[in-house]
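# Descriptive structure summary
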Amino acid sequence: MEEYEKIIVESDEETGADVYNRVIIDVLSDLALGRVLEKVRAYIDVKEPVFIFVALRRFGLPSIRLSDFAEVDMGDYGKNEVTINLLKESYIPQLLNKLWERYGKGNIDHSERSMIIVHTPDYFTEVDFLREMVIDEKIAQINDRIMDAMLRIIPEGFRVRYHQLTEEYVLFVASEDPIKQEWKDKAFSIRNGLVKGGKDNA
Amino acid sequence: MLEPIMYEGGVYKHNHLVELVEDLGGYILQTNIMQTEIVIIMLVPMNDIHLVENMTKKLLGVLTRAPLSGTEIAVVAPTLAYHHLPHPDCDIAEFLRRKGAKTNMIGLARGVGARVCQISGHERSLINEHDVAVYILGNFKHCIVENKPKILEGIEIPVVVTGAPEIDVEEIPMADAYVGNLGRIAHRMRKGPEMWAMDEAVDVVGEILDKERNELSKDPLCVMPPRVKKEIEDQIPEIADVLSPLPVTLKLKGMRVKLDYDEFHKRIENISFVEGVKLKDIAYIKKGLLKDYILIEIKPKSETGFVI
C-alpha cells in the first residue's frame, strides 16, 4: 500500500521523519502546491548528512496565449494597426506590459475598456505573431513556487545542492558537504520507482 | 519576600489596584493596556497577597502567578530565517512572555547545519547578558546530541534546549534542561500536544529561575532590582520618553536600562538612595552589547557588607 501514499519520509529517526512529513505538508499547502505534486518521497540521513527530496508532478496548466482570450485582427483598410478585442479582462496588465515592451507605449492605444489598438507598420505579420503571443506562463510560476518550497523544506544549513526540475518530476539532493555520487544514485532510484509507479497507475 | 503576580482585567478603576500594590510596598513592573483590557505584572509582598486578591475580585479581574516576571530570557534560534520563524520560535517566546518574562530573540549568524554550525564570541556574550537561554533546535536526535552542543559552548547562564525527539538531558552536553515535542515546524502551534509542550517549556524555565532565586537568597543582592528601577524612573525623567518596550528591563541580578551608555551612564551611577549610598557603590554599571544600552549588575551582600 505504501506506493499509494502521497507523502513518505524515510529516516533512521522515526520522530524526525514524522515531523518532517508535517513540515512538507505545511509548506506545500502554504504555497498551494498540494495539487501540483502527485507523490512526494523524502529521505533524510542526518549522520551523512544528506537530504533527498523527489516528487512526481501532475501535468500543469498550459500557457495562456492572446488568442485564448481575445480576437486579434488587422485594422480597417488603409490603417497600419492591429486591433485586439478583449473577451476577458483578467490578463490585461500582463498583456499591456508585453505590448509596451515590444511596440513602445506611444504605439498602444487603450482608450476603450475592451479594445486595444496596436500601431505598427508590420501589421500584416504582427497579427499572427500577436495571436500566438504567450501572455501568462503558469508553468513558470509553478516552477518558482516549487523551488521556493524546496528551499523552505530542506534543512537550512544544507547549502550544497543538486537538483533536477522537469515536467515530470522534481529531484533535490542537499547536504553541507560536496554531493556524493551514491546520494545521487539513491535519489535516481527513488525517482525511477516513482516515475514507473506513476505510469503503471495511469 | 515578594511574589510575582499578573493581573488581567478591565482598565476601569485599575488605578485602585496599582495604588494598593504601591501602598503595600510592592512594585509595578509592567502595564500593558490593550483597548479596554489591561495586563499588570507586579511584585507583591507575600503576606499581603489576600488584599490584592480581594481588590481583584472587586474589579472582576483575574490574578495568576507569573513566575517569569522580572527576568530577561534569550530565545536563541540557529538563524532568523523562515525555517524557524514565526513558528516555532515566536510561539515559544509568546508563551514565555505570557508568564511575565521579557524575551529577546537572537538569531545566530552561522548557527545552521550539522558540521558547519558555530557561534561567535559576540553572540556568546550577548546571550550571557540574559538570565536564561532557550535554544530552539530541530527534529533529529543525532543533530541535537552530536552537532548542536557546539553552539551551547561558553554559555554561562542556564540553557534550556527544545527539539522534536524525546532525549535525556544527560545526553546533551552543556544543557540544563531539555523539552521534547517542539521541533522545527511550519505551522502555528495550537493543537493540544503542542500547547502542552510549550507549557512544559515555560514550567522548566520557571523551575530553573526558582532554583536561581534560591541560590541568590543565600547571598542576597544589596538592593532589590525593582527598587533600583523605581529610583531610575524617579531620578532620570528621560526614561519616560523611551519608546522601547520595558525601558527598564529587570533581570534576576540587575537590569537593562534602555538609554545610551555614553550619554547617561554618569547620571545612572549617581542615582542616590535615602540610605545615603549611590548606585555606583552597590552595582557595576556597564555598556551592554544590545544597542549600547546600560547594563546594571547589582553587587551581592558578601561584596558590599550591607543590604538596603
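Only a predicted model underlies this, so the values are computations on that prediction, with no experimental measurement involved.

Here chain B averages 92 in pLDDT, while 100% of its residues score no lower than 70. Model confidence for the complex: the whole-complex pTM is 0.85, and ipTM, which rates the interface, is 0.83.

On the side of chain A, 17 residues touch chain B, which itself brings 23 residues to the contact. Split into classes, the residues belonging to the side of chain B that touches chain A amount to 13 nonpolar, seven polar and three charged.

Residue and element names in this part refer to chain B. In terms of domain boundaries, chain B breaks down into domain 1 (2-65), domain 2 (72-216) and domain 3 (225-304). Between the C-alpha centres of domain 2 and domain 3 there is a distance of 28 Å. Taken together, the 10 residues of domain 2 in the interface contact nine residues of domain 3. Elements with a contribution of two residues or more to the side of domain 2 that touches domain 3: α4 (121-128) and α6 (192-218). Across the side of domain 2 that touches domain 3, the residue classes break down as two nonpolar, two polar and six charged.

Time to look at the sheet that holds strand β10 (residues 248-251) of chain B. All names here are of chain B. Pairing within the open sheet is antiparallel, and its four strands lie in the order β10-β11-β13-β12. A strand with exactly one partner marks an edge of an open sheet, and here the two such strands are β10 and β12 (283-287). For this sheet, the mean inter-axis angle between neighbouring strands, taken without regard to orientation, is 20°. With five bridges joining them, strand β11 (residues 254-260) and strand β13 (residues 293-298) adopt antiparallel strand pairing. Counterpart to Gly-254 in the pairing with β13 is Glu-297. Each of β10, β11 and β13 touches helix α7 (residues 225-235); the most contacted strand, β10, lies at about 165° to it. Running over the sheet, helix α8 (residues 261-269) touches β11, β12 and β13 and is turned about 130° from β11.

So, on to the nonpolar core. Counting residues in each nonpolar core, the largest one holds 116 residues, and the members touching the most others are Val-134, Ala-201 and Val-205 of chain B. If one sorts the elements of this core by residue count, α6 of chain B sits on top with seven residues. If we ignore the near neighbours within four places in the chain, the residues touching Val-205 of chain B are Leu-68, Ile-73, Leu-96, Val-132, Val-134 and Val-160 of chain B. Core analysis: the next-biggest nonpolar cluster, separate from the first, contains 11 residues, Ala-70, Val-72, Val-82 and Leu-130 of chain A among them.

Take the confidence of the model for chain A next. Taken as a whole, chain A shows an average pLDDT of 89; of its residues, 96% reach a score of 70 or greater. Here helix α6 (residues 181-201) of chain A is the element of chain A with the lowest mean pLDDT, 85, and strand β11 (residues 169-175) of chain A is the one with the highest, 94.

It is worth spelling out the environment of Glu-71 of chain A at this point. Within the secondary structure, Glu-71 of chain A sits in strand β5 (residues 70-74). Spatially, the C-alpha atom of Glu-71 of chain A lies 5.0 Å from that of Asn-85 of chain A, the residues being 14 residues apart in sequence.

Residue and element names in this part refer to chain A. Bridging between strand β1 (residues 7-11) and strand β2 (residues 37-45) involves five bridges; their strand directions are parallel. Bridging across to β2, Ser-11 finds its partner in Ile-44. Regarding the hand of the β-α-β motif, the stretch spanning β1, helix α1 (residues 14-30) and β2 is left-handed.

This paragraph deals with the domain arrangement of chain A. Entries for chain A in the domain assignment read domain 1 (2-60 + 138-201) and domain 2 (64-136). A C-alpha centroid distance of 41 Å is found between domain 1 of chain A and domain 2 of chain A.

Moving on, we get to the pairing of strand β1 (residues 2-10) of chain B. Residues and elements named next belong to chain B. With nine bridges connecting them, β1 and strand β3 (residues 37-45) associate as antiparallel partners. Directly across from Pro-4, in β3, lies its bridge partner Leu-43. Across four bridges, β1 lies against strand β4 (residues 62-65) in antiparallel orientation. Across the sheet, residue Met-6 finds its bridge partner in β4, namely Thr-64.

All names here are of chain A. Counting through the fold element by element, Ala-174 comes out in strand β11. The buried category is assigned to Ala-174, around which 24 C-beta atoms lie within 10 Å. Sequence separation between Ala-174 and Ile-154 is 20 residues, and the spatial gap between their C-alpha atoms is 7.2 Å. For Ala-174, the contacting residues outside a window of four places in its chain are Phe-51, Ile-154, Phe-158, Val-160 and Arg-161.

Geometrically, the link from Glu-48 of chain A to Pro-49 of chain A is a cis peptide bond, its omega value of -5° lying close to zero. Counting through the fold element by element, Pro-49 of chain A comes out in the loop between β2 and β3 (50-57). Residue Pro-88 of chain B follows His-87 of chain B across a cis peptide bond; omega there is 0°. Position of Pro-88 of chain B among the secondary structure elements: in the loop between β5 (72-77) and α3 (89-98). One non-glycine residue, Lys-13 of chain B, adopts positive backbone phi at about 65°. Looking at the element boundaries, Lys-13 of chain B is found in the loop between β1 and α1 (14-23). According to the C-beta neighbour criterion, Lys-13 of chain B is partly exposed, with 13 such atoms within 10 Å.

Reading guide: rules and limits
Residues numbered from 1 in each chain as written. Chains lettered and ligands numbered in written order. Predicted model: local features only at pLDDT ≥ 70, side-chain atom pairs only at ≥ 80, totals over all residues. pLDDT = per-residue confidence, 0-100. Contact = placed C-beta atoms within 7 Å. Nonpolar A, V, L, I, M, F, W, Y, C, P; charged D, E, K, R; others polar. Domains from an automatic or database assignment. Helix = DSSP H or I, 4+ residues; strand = E, 2+ residues; numbered from the N terminus. Pairing = 2+ DSSP bridges. Axes fitted to C-alpha atoms, helices over the stretch in contact; angles between N-to-C directions. Core = buried A, V, L, I, M, F, W, Y, C linked by C-beta atoms within 7 Å. Buried ≥ 20, exposed ≤ 12 C-beta atoms within 10 Å, placed from the backbone. Right-handed = clockwise from strand over helix to strand, strands pointing away.

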